Each structure stands twice: as C-alpha cells, then as structure tokens.
Amino acid sequence: MSGVFHLVYFSKAAEDLSYTDIREILEVSRRNNARLGITGLLIFRDGYFVQLLEGDEAPVRDVLTAIRDDDRNYSVKVLIEAIGAERLFPDWSMAFHDGDITTASSEHLVELFESVSASDLSKRALIMPILKKFRASAPELK
Ligand SMILES: Cc1cc2nc3c(=O)[nH]c(=O)nc-3n(C[C@H](O)[C@H](O)[C@H](O)COP(=O)(O)O)c2cc1C
C-alpha cells in the first residue's frame with residue numbers, strides 16, 4: 001500500500017500534569033516511534049494536546065490505543081484519519097511545540113485550536129494545512 005496514514009487527535013491533559021510528565025512522554029514516544037516508523041508532532045497548549053501521528057496504520061492505531069489508556073490525558077477525540085501522499089514531519093520521531101512557552105507560531109496555534117475545537121466539521125479541513133505550517137519552525141521543536 002502506498003501513502004502514509006495520518007491521525008490527528010485532540011485531548012485534555014490531566015490537571016496535575018507536570019513538565020516532567022511531558023518530558024517523559026516525549027522520551028518514550030521518540031524511542032517507540034523510531035522503532036515503529038512513526039513520525040509526527042505533539043502540541044501542548046493551555047491544558048490540551050493536539051497530536052499528529054503518521055506512519056503505517058496498524059502501529060499508529062496501536063499507539064493511539066496506548067494514549068487513550070494513558071491517564072496523563074483524557075477525552076481523546078480523533079479529528080482526522082486519512083491516507084496522505086507524504087509525511088509532514090519525516091525527520092521527527094515526535095516533534096514538540098509548547099504553546100505555553102514559545103511565542104513562535106502563535107498565530108498558527110490560535111488558528112489550530114479554533115479548528116480543533118470547532119463543532120463545525122468543515123473547519124477540520126483546515127487542520128492539516130495548519131499543521132504543515134509548523135514545519136517551518138521545526139528546528140525549534142525540541
Ligand atoms: C499526549 C500523549 C502523547 C503520547 N504520544 C505517544 C507517542 O507518540 N508514541 C508512544 O509510543 N507513546 C506515546 N504516549 C505514551 C503512551 O501513552 C504510553 O505511555 C507509551 O506508549 C508506553 O510505552 P512503553 O510500553 O514503551 O512503556 C503518549 C502519551 C500522551 C499522554
């Protein structure tokens with residue numbers, strides 16, 4: 001099968017989530033994802049996560065199952081499941097953007113959170129194009 005499976009979800013971070021938790025999530029994610037051929041972007045802002053997972057469908061769905069069971073977040077809502085032509089973050093086992101401490105891409109963040117929280121489904125078509133814009137600031141995404 002050609003193409004890459006893209007999955008984007010939105011979730012609420014646990015109320016007591018700390019930066020140590022986020023560092024641990026990233027460390028484990030990068031290790032697992034490198035092994036599973038998964039790439040993507042994790043965004044944290046104001047108590048919410050948005051994550052893009054891209055790769056083969058089966059491992060991406062397995063990781064999503066683990067994330068749904070992970071009590072560091074809850075109310076996981078899948079927004080996009082689609083086959084795309086190429087990876088948006090081919091060089092990142094999991095890029096990270098902290099919307100609470102970085103001001104880079106803040107316009108994109110506002111746009112993104114408007115789209116993910118919209119009940120109007122047509123706004124979802126904007127999500128992938130907005131995520132693509134974060135590629136421009138990828139070198140900052142430690
Ligand atoms: C917001 C969020 C994003 C996560 N993203 C990933 C991910 O991309 N890849 C991954 O393997 N685990 C991710 N995790 C962690 C998983 O829920 C789970 O803890 C981990 O996959 C278990 O790995 P282990 O079996 O190697 O301990 C994430 C967790 C949270 C809360």
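Structure: above.
Criteria and thresholds
- Residues numbered from 1 in each chain as written.
- Predicted model: local features only at pLDDT ≥ 70, side-chain atom pairs only at ≥ 80, totals over all residues.
- Heavy atoms only, no water.
- Near = heavy atom within 4 Å.
- Polar contact = N/O pair within 3.5 Å; in protein donor to acceptor, adjacent residues only side chain to side chain.
- Areas by Shrake-Rupley, 256 points an atom, 1.4 Å probe, with all protein chains shown as cover.
- 1 Å grid on protein atoms, 1.4 Å probe; cavity = no way out; pocket = protein on both sides within 12 Å on 5 of 7 lines; lining within 4 Å.
- Sits in = over half its atoms within 2 Å of the grid points.
- Helix = DSSP H or I, 4+ residues; strand = E, 2+ residues; numbered from the N terminus.
- Phe/Tyr/Trp six-rings, centres within 6.5 Å; stacked < 30°, edge-to-face > 60°.
- Buried < 20%, exposed > 50% of the residue type's maximum accessible area, 1.4 Å probe, protein only.
- Pairing = 2+ DSSP bridges.
- Axes fitted to C-alpha atoms, helices over the stretch in contact; angles between N-to-C directions.
- Contact = heavy atoms within 4.5 Å.
- Salt bridge = Lys/Arg side-chain N within 4 Å of Asp/Glu carboxyl O.

### Quick notes on the site of the ligand
Next, step 1: If you check the shell around the ligand, you find 16 residues, and the closest are S29, N32, N33, Q51 and D70.
Next, step 2: Within the contact set of the ligand, a nitrogen atom lies 3.3 Å away from a side-chain nitrogen or oxygen of S29.
Next, step 3: Separating an oxygen atom of the ligand from a side-chain N or O atom of R72 is a distance of 3.2 Å.
Next, step 4: In the complex, the protein chains occlude 77% of the 620 Å² of accessible area that the ligand would expose alone.
Next, step 5: The cavity that encloses the ligand is the largest pocket.
Next, step 6: Every element with two or more residues in the shell around the ligand is listed here: α1 (19-36), β3 (48-55) and α2 (57-68).
Next, step 7: Of all the elements, α1 adds the most residues to the shell around the ligand, at five residues.

### Looking at the packing of aromatic side chains
Next, step 1: The final tally for this structure, using the stated rule, is four aromatic pairs.
Next, step 2: Between Y19 and F44, the ring centres sit 6.5 Å apart and the planes meet at 85°, which makes this aromatic pair edge-to-face. Taken together, the residues span a long stretch of sequence, with Y19 in helix α1 and F44 in strand β2 (residues 39-45) at a distance of 25 residues.
Next, step 3: Judged by relative accessible area, which is 37%, Y19 ranks as partly exposed.
Next, step 4: F44 gets classed as buried once you look at its relative accessible area, which sits at 8%.
Next, step 5: A network of ring pairs unites the aromatic residues F10, Y48 and F113 as a single cluster.

### Points about the sheet that holds β3
Next, step 1: As summarised here, the arrangement of the five strands in space is β4-β1-β3-β2-β5, forming an open sheet in which the pairing is mixed. On the outer flanks of this sheet lie β4 (73-84) and β5 (95-98), each paired with one strand and no other. Within the sheet, the average angular offset between the axes of one strand and its neighbour, ignoring direction, is 15°.
Next, step 2: In the sheet, β2 pairs with β5 via four bridges, with the strands oriented parallel. Among the inter-strand pairings, I43 is bridged to a residue of β5, identified as H97.
Next, step 3: Here α1 sits on the sheet in contact with β2 and β5, set at roughly 160° to β5.
Next, step 4: The strands touched by helix α3 (residues 106-117) are β1 (4-13), β2, β3, β4 and β5; relative to β2, the strand with the most contacts, the crossing angle is about 95°.

### A look at unusual backbone geometry
Next, step 1: If you check the backbone angles, D46 has positive phi at about 50° while not being a glycine.
Next, step 2: Relative to the elements of secondary structure, D46 occurs in the loop between β2 and β3.
Next, step 3: Judged by relative accessible area, which is 57%, D46 ranks as exposed.
Next, step 4: Notably, S75 is not glycine yet its phi reads approximately 50°, a positive angle.

### Some remarks on the pattern of salt bridges
Next, step 1: All told, the structure shown has four salt bridges when counted by the stated rule.
Next, step 2: Where R61 meets E81, a salt bridge forms, and the shortest distance between an N and an O atom there is 2.8 Å. Remark: E81 occurs in strand β4 and R61 occurs in helix α2; sequence separation between them is 20 residues.
Next, step 3: We classify R61 as partly exposed; its relative accessible area is 30%.
Next, step 4: The exposure class assigned to E81 is partly exposed, which follows from its relative accessible area of 45%.
Next, step 5: The closest approach of N and O atoms between D70 and R72, which form a salt bridge, is 2.6 Å.
Next, step 6: With a relative accessible area of 27%, R72 lands in the partly exposed category.
Next, step 7: Through salt bridges with shared partners, a single ionic network connects E57, R61 and E81.

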